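Observations on the three-dimensional arrangement
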Amino acid sequence: MKTLNKIPTGKIERASNLLKAGAKVGVNYIKYYGNKITKDEEEAKKILNEDNAADIYDSLKELKGSALKVAQMLSMEKNIMPQAYVEKFSLSQFSVPPLSGALVKKTFRKYFGKNPEDIFDEFSPESVNAASIGQVHKAKKNGQELAVKIQYPGVQESISSDLKLVKPIAMKMFNIRKEGSESYFKEVEDKLYEETNYDLELSRSEQIAEECAHLENIKFPKYYPEFSCEKIITMDWLHGKHFSEFIKTKHPQKTLNKIGQTLWDFYMYQMHVLKQVHADPHPGNFLISEKGELMVIDFGCVKEIPSDFYEPYFELAKVENLMNQAFFEQKLYELEILKAEDSSEEKVFFSKLFHEMLELFTRPFNQEFFDFSDESFFQEIADLGQRYAKLSDLKNMNTNRGSRHFIYLNRTFFGLYNMMHDLRAEGIEINHFKKFMVENA
């Protein structure tokens, strides 16, 4: 893969890059209308989606930063995005053009006053993993293998302008109205700024690793503040397969179940005990060791859960509360799903929609054990999303629903459920994490 000697950082330069992609998309639609004459609708649409996904991704991967991060987030939305986009955008998790060695050295000289080879005993000039915000290099110091994550230049400075560029696309894709949408985009912007603050990531990584160290079958790297700064993080190099590579090969069901239970316990412990959670559960952030241990290698995105959101959110995970109409409605107002200005039609529509959604998504929480290999459960999720996406009623209603905290909590659960399903984990004990609460008390 070619290396990048320069990343566009100016507003005009980055906007120009996206406009070029837009022009290519326009050409793809012309081809689509021609293909409809000679091919059936389904095949023509498939070609259109593949061409558009490739052209948009090719543009975003040159920009890197928050524009590419949005693609990464969308790649997790398997139930609402065409498969061509999911497949192409998922490459942003760990397969994008890396920075050249010259740019890497420039970053080190800026923050440490030295080249990387003057700090470490060994330093690989080629990156081993390039993603949306930074890339990883392998190094050695005093015999210890290290992973050195380096942030791309200009990423933090371009967040605000990048979001303005992708905002119209997101609003159209998810039927978001301008009025009342500011808090949602502000939440995304704030989280992206946090992800580019490597000092914050370092402190959160050390804190969560320490507080979750007693969980079974999980490993975290040791971090090295003396070799870290606001744009560079150095940690132990962990040996294992990326989650996405691991699930491509056959493994004993017992191993898959063990990893699935570990992953589930890790997330439940964070949510219910720490009240903050690793909110970026995609395969690029996890490794699996030869012993079947889950290894967490990136804490760039962490969502703190305020109590005034946590309580009603998880109260609606209990089936008895879903069945209590008055209680259910009260919690919908607390979570900003229903609004005082809603018409009677909107109130009935969204109450029904969220009741159906919550009954489905919280089903695992109302069972002692759950089978995440159950295809019918995930097909129900896909069908529900498709059914409501096609409803004409939605086009005439204000669909900006729910507290801003939903964005990253829902993203976390979507990512977690998808990873559990990819593992085909069976017999997962839902409240197993409580064992660690007692032991750690």
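Conventions we followed
- Residues numbered from 1 in each chain as written.
- Predicted model: local features only at pLDDT ≥ 70, side-chain atom pairs only at ≥ 80, totals over all residues.
- Heavy atoms only, no water.
- Helix = DSSP H or I, 4+ residues; strand = E, 2+ residues; numbered from the N terminus.
- Buried < 20%, exposed > 50% of the residue type's maximum accessible area, 1.4 Å probe, protein only.
- Pairing = 2+ DSSP bridges.
- Phe/Tyr/Trp six-rings, centres within 6.5 Å; stacked < 30°, edge-to-face > 60°.
- Lys NZ or Arg CZ within 6 Å of the ring centre and 35° of its normal.

Looking now at unusual backbone geometry. Even without glycine at this site, Asn217 takes up a positive phi of about 65 degrees. Note that Asn217 resides in the loop between α9 (198-211) and β5 (218-219). Despite not being glycine, Arg424 shows a phi value in the positive range, around 60 degrees. With respect to the helices and strands, Arg424 occurs in the loop between α17 (406-423) and β13 (428-429). A residue is classified by how much of its surface remains accessible, and Arg424, at 33% relative accessible area, is partly exposed.

Note on strand geometry: in a regular strand, side chains alternate between the two faces of the sheet. With 2 bridges connecting them, strand β1 (residues 122-123) and strand β3 (residues 134-141) associate as antiparallel partners. By the bridge assignment, Glu122 is partnered in β3 with Lys140. Where strand β2 (residues 129-130) and β3 come together, 2 bridges link them in antiparallel fashion. Opposite Ala130, over in β3, you have Gln135 as the bridge partner. Relative to strand β4 (residues 144-151), β3 runs antiparallel, the two being bridged by 8 bridges. Bridging from a neighbouring strand, Lys140 pairs with Glu145 of β4.

This part is about the packing of aromatic side chains. Taken as a whole, this structure holds 27 aromatic pairs when the rule is applied. Ring geometry for Tyr313 against Phe314: centres 5.0 Å apart, planes inclined by 70 degrees, an arrangement best described as edge-to-face. Across this residue pair, the class does not change: Tyr313 and Phe314 are buried. Note that Lys149 overlies the ring of Tyr198, its terminal NZ or CZ placed 5.1 Å from the centroid. Its guanidinium or amino end placed over the ring of Phe350, Arg401 lies 4.1 Å from that ring's centre, counting from NZ or CZ.

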